[in-house]
Amino acid sequence: MKFRLDIVLLIFGAVFSLVLRMLYPDFYHHDDVNAFVDWAGKTEHFRDLYSTNCFCNYPIIGLLSSAGIVKLFDFNVPAFLYFLTMIDLLNVLVIYWILKQLGVGLPGLWAGVIGLLPSTWAGGALWGQIDNVGQLFLLSIIAVIIRFNLSKKVTPKAFLLYLAVTGILLSLTFLTKQLLLFSLMPISFLVLATISVHNEHKLIPTIKHIVFCTFFTLLPIFLFDWWLNVPPQYHFSHLERVFLTGSDHMNKISGNGFNIWILLDRDMWSSSEIPFLWKLTPKGVGLKLFLLVLILLTAFLGLHLKKQTKIEFHKKWLLAFIFYLAMINLSFNIFLSGTHERYLFHFYPYLLIVLLALKNKTYTFMAIIASGVYGFFVLSILSPTGYDVGHQFTLLIHSILFLSLLYLFINFDRATKHID
C-alpha cells in the first residue's frame, strides 16, 4: 500500500485538538466554561432559560451548543470539551472537501496543516469556546454553494432544495454567536450572487428565489421563538433579549484584543468613549475607520464581479467572496474598539483557502507565519505560565498583513488570471 503523507497529515490535523485535550485535560478557560455550567443549572427546563436571571448572551443555537451540551452530558465538563474537539475534527474535514473541490493540490496535506495551526484550535476547542461551532456552519454554507455550482445540471427542484438547506444554515449561523454577523454579511452576498447567476440575472425569478431562501432562513428563528419562554417585555423574539442586554464590548478600549487603540497606552478595560483628541473617541473613530475599509472592500468586490462577464459559476468570484469575508474579519479586529483575543477565529482558514487556490506561495507563507503569531498570542493569554507574545507585536504583524492583503485584494483580477 502506497504511503500517503497528505492523508496522514489530514488525519493528524483532524484529530490534533482531540490529542491536545487528552494530553492537557485541565487546560481551558475555566471562567468561560464555568459560565456555561452556571447557565445550564439555572432552570430544569431549558426552554425557560431566557426567563431566568441568567446572563445568557448567546442566541439559542449558541446556548444549546454550550450550556445545552453541558446539560446533556449531565454537567460533565470533560465531555463538553471533547465535544468541541469533535467539531474541530469536522471543520478540518469540511476544509479538505472545499480545497479538493477548488482544485488545490494535495488538499489533505493543506487541510491537515490548517488543522494544526494554533490559530485554528487555540481560541476554540482548547479554550473551551463554541466559535468552532459557528465555523462549522460557515464552512458548510460555502461547501453547499460549491457543491451546487459544480453540479453539471441542476433541476428546479434541486435548486429549491439547495436554497432551503442554505437558508437553514444561514439561520443556524445567525443563531450561534453575534460575532458571526461579520461573516454572515459576505456569505449572504455570496448566496444572493449565486441566486442571481442561476437565474441569469432575471429580476422576477431572482426575487422569487430570494424570498424562498429567506423563508427557510426565518423559519428556524420562528420555531425556536415559539418553543422558548421569553420575558413578556420582549415582544417578538429571544433575539431582542440577546442583542439588547448581551454585551457592550465596544465601550471598552480592548477586551484583550490587539486593535490599534491599545497604542493609546490606556488601561485596555477603560472606556472607549473618552476622547483622545478634541472630541474624537476610540469607539467613534474606530467604527468610522472600519466602515471606510468596508466600503472600500465592497467597492473593489463589486468591480471584480463586474468583470466576470460569463453568466455562470466561476471560481474567481467565489474566491473573491471568501477573500472578502476574511478581510472583513481582519479589519474589524484591527480598527474596532472592544475586540477580544479570540475574535480573529474566523479569518485564517478562509484566507488560506483563497491563497492556496491562488497558488500564491509568498502570501501563503506570510499567512502561516502570522497565524502562528496570532495562535500563540491567544495561547499566551490562556496559559498560566505567564509568557506573553504581546498585543503590540501581534498588532504590528497583522497591520503589515492587512496592508499586504489589501494590495492583493485590490489587484485580485491580476492574481486570478490563471484560474479558469
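Asks: Go over the overall build of the chain with me, naming the residues and quoting the values.
Replies: Each helix and strand in the chain was counted, giving 17 helices and 0 strands. Taking 2.2 N^0.38 as the reference for a compact globule, 420 residues should give roughly 22 Å; the C-alpha atoms of the chain span a radius of gyration of 21 Å, in line with that estimate. For the chain, the C-alpha atoms occupy an extent of roughly 65 × 55 × 50 Å along the three principal directions. Expressed as a percentage of its 420 residues, the buried residues of the chain come to 56%. If you take every contact in the chain between residues at least 6 apart in sequence, the share linking residues at least 24 apart comes to 74%. With the model as given, the accessible surface of the chain reaches about 19000 Å², and the carbon-plus-sulfur share is 68%. Here the chain contributes 30 positive and 22 negative side-chain charges, whose respective centroids are spaced 15 Å apart.

Asks: Describe helix H9 (residues 181–198), and please don't skip the residues or the numbers.
Replies: In this model H9 runs 26 Å from its N-terminal to its C-terminal C-alpha over 18 residues, within 8% of the 26 Å that 1.5 Å per residue would give. Among the residues of H9, Ser183, Leu184, Pro186, Ile187, Leu190, Val191, Ala193, Thr194, Ile195, Ser196 and Val197 are the ones counted as buried. Turning to H9, the residues buried within the fold contact helix H7 (131–150), helix H8 (156–174), helix H10 (203–227) and helix H13 (315–335). Glutamate 200 occupies a position one or two residues after H9 and carries a positive phi of about 55 degrees.

Asks: I'd love a proper account of the packing of H13 against helix H16 (residues 391–410), names of residues and values included.
Replies: Packing of H13 against H16 leaves a shortest axis separation of 11 Å and a crossing angle of 145 degrees. The two elements H13 and H16 meet at a crossing, and its hand is left-handed. Residue-level contacts link Ala320, Phe323, Tyr324, Met327, Leu330, Ser331, Ile334 and Phe335 of H13 to Leu395, His398, Ser399, Phe402, Leu405, Leu406, Leu408 and Phe409 of H16. A breakdown of the residues in the contact of H13 with H16 according to their chemical character gives 13 nonpolar, 3 polar and no charged.

Asks: Describe the side chain of aspartate 225, with residues and values.
Replies: Relative to the assigned elements, aspartate 225 resides in helix H10. Buried aspartate 225, no salt bridge; nearest opposite-charge side chain is arginine 241, N-O distance 11 Å. In this structure, aspartate 225 is in contact with Phe236, Ser237 and His238, ignoring residues within four places of it in sequence.

Asks: So what about H8? Which residues, and what values?
Replies: In this model, H8 (19 residues) spans 27 Å end to end at C-alpha, consistent with the 27 Å of a helix rising 1.5 Å per residue. Of all the positions in H8, only Phe159, Tyr162, Leu163, Ala164, Thr166, Gly167, Leu169, Leu170, Ser171, Leu172 and Thr173 are classed as buried. On its buried face, H8 is in contact with helix H3 (60–72), H7, H9 and H10.

Asks: So what's going on with unusual backbone geometry? Residues and values would help.
Replies: Backbone geometry at glutamate 200 places phi at a positive 55 degrees, although glycine is not the residue there. Along the chain, the position of glutamate 200 falls in the loop between H9 and H10. Located in the positive-phi region is histidine 201, a residue other than glycine, with phi close to 60 degrees. Turning to its location among the elements, histidine 201 is positioned in the loop between H9 and H10.

Asks: Can you explain a nonpolar patch on the surface? Please cite residues and give values.
Replies: Judged by side-chain polarity, Leu264, Phe276, Leu277, Trp278 and Leu280 come together as a nonpolar surface patch covering roughly 500 Å² of accessible area. You can call phenylalanine 276 partly exposed: its relative accessible area is 31%.

Asks: Can you lay out the state of the cysteines for me, pointing to particular residues and giving the numbers?
Replies: Within this structure, the stated rule accounts for 1 disulfide. Sulfur-sulfur distance for the disulfide between cysteine 54 and cysteine 56 comes to 1.7 Å. In this structure, the disulfide formed by cysteine 54 and cysteine 56 twists by about 90 degrees around the S-S bond and is classed as right-handed. The same class applies to cysteine 54 and to cysteine 56, which are both buried.

Asks: Give a description of the pattern of salt bridges that names residues and reports values.
Replies: It is possible for side chains of opposite charge to pair when their charged atoms get near one another. A complete count under the given rule lists 6 salt bridges for this structure. The closest approach of N and O atoms between aspartate 131 and lysine 177, which form a salt bridge, is 3.3 Å. A residue pair is termed long-range when its members are at least 10 positions apart, and aspartate 131 in helix H7 and lysine 177 in the loop between H8 and H9 qualify at 46 residues. Salt-bridge contacts for glutamate 341 lead to arginine 342; the nearest nitrogen and oxygen are separated by 3.6 Å. Comparing glutamate 341 with arginine 342, the two get one shared label, buried.

Asks: Give a description of the packing of aromatic side chains that names residues and reports values.
Replies: Scanning all chains against the criterion turns up 28 aromatic pairs. Between phenylalanine 148 and phenylalanine 159, the ring centres sit 5.1 Å apart and the planes meet at 40 degrees, which makes this aromatic pair tilted. Here the residue phenylalanine 148 occupies a position in helix H7, and phenylalanine 159 occupies one in helix H8, the gap between them amounting to 11 residues. Both residues of the pair, phenylalanine 148 and phenylalanine 159, belong to the buried class. Their ring planes at 55 degrees and their centres at 5.8 Å tell us that phenylalanine 323 and phenylalanine 412 sit as a pair that is tilted. Here phenylalanine 412 lies in helix H17 (residues 412–415) and phenylalanine 323 lies in helix H13, a separation of 89 residues in the sequence.

Asks: Explain the side chain of threonine 194 to me, using residue names and the numbers behind them.
Replies: Relative to the helices and strands, threonine 194 resides in helix H9. For threonine 194, a relative accessible area of 1% puts it in the buried group. With residues up to four places along the chain from it excluded, the contact list for threonine 194 reads Ile145, Phe148, Asn149, Tyr162 and Trp317.

Asks: Talk me through the environment of valine 230; I want residue IDs and the actual numbers.
Replies: You can see valine 230 is positioned in the loop between H10 and helix H11 (238–245). For the pair valine 230 and isoleucine 410, spaced 180 residues apart in sequence, the C-alpha separation works out to 46 Å. With residues near it in sequence (within four places) discarded, valine 230 still touches Ser51 and His238.

Reading the values: rules and limits
- Residues numbered from 1 in each chain as written.
- Predicted model: local features only at pLDDT ≥ 70, side-chain atom pairs only at ≥ 80, totals over all residues.
- Heavy atoms only, no water.
- Helix = DSSP H or I, 4+ residues; strand = E, 2+ residues; numbered from the N terminus.
- Rg over C-alpha atoms; globule rule 2.2 N^0.38 Å.
- Buried < 20%, exposed > 50% of the residue type's maximum accessible area, 1.4 Å probe, protein only.
- Contact = heavy atoms within 4.5 Å.
- Areas by Shrake-Rupley, 256 points an atom, 1.4 Å probe, with all protein chains shown as cover.
- Lys, Arg positive; Asp, Glu negative; His and termini not counted.
- Charge placed at Lys NZ, Arg CZ, Asp CG, Glu CD.
- Expected span 1.5 Å × (residues − 1).
- Axes fitted to C-alpha atoms, helices over the stretch in contact; angles between N-to-C directions.
- Left-handed = near helix turned anticlockwise from the far one by under 90°.
- Nonpolar A, V, L, I, M, F, W, Y, C, P; charged D, E, K, R; others polar.
- Salt bridge = Lys/Arg side-chain N within 4 Å of Asp/Glu carboxyl O.
- Patch = residues over 30% accessible without salt bridge, like charges linked within 9 Å, V, L, I, M, F, W, Y side chains within 5 Å.
- Disulfide = S-S within 2.5 Å.
- Phe/Tyr/Trp six-rings, centres within 6.5 Å; stacked < 30°, edge-to-face > 60°.

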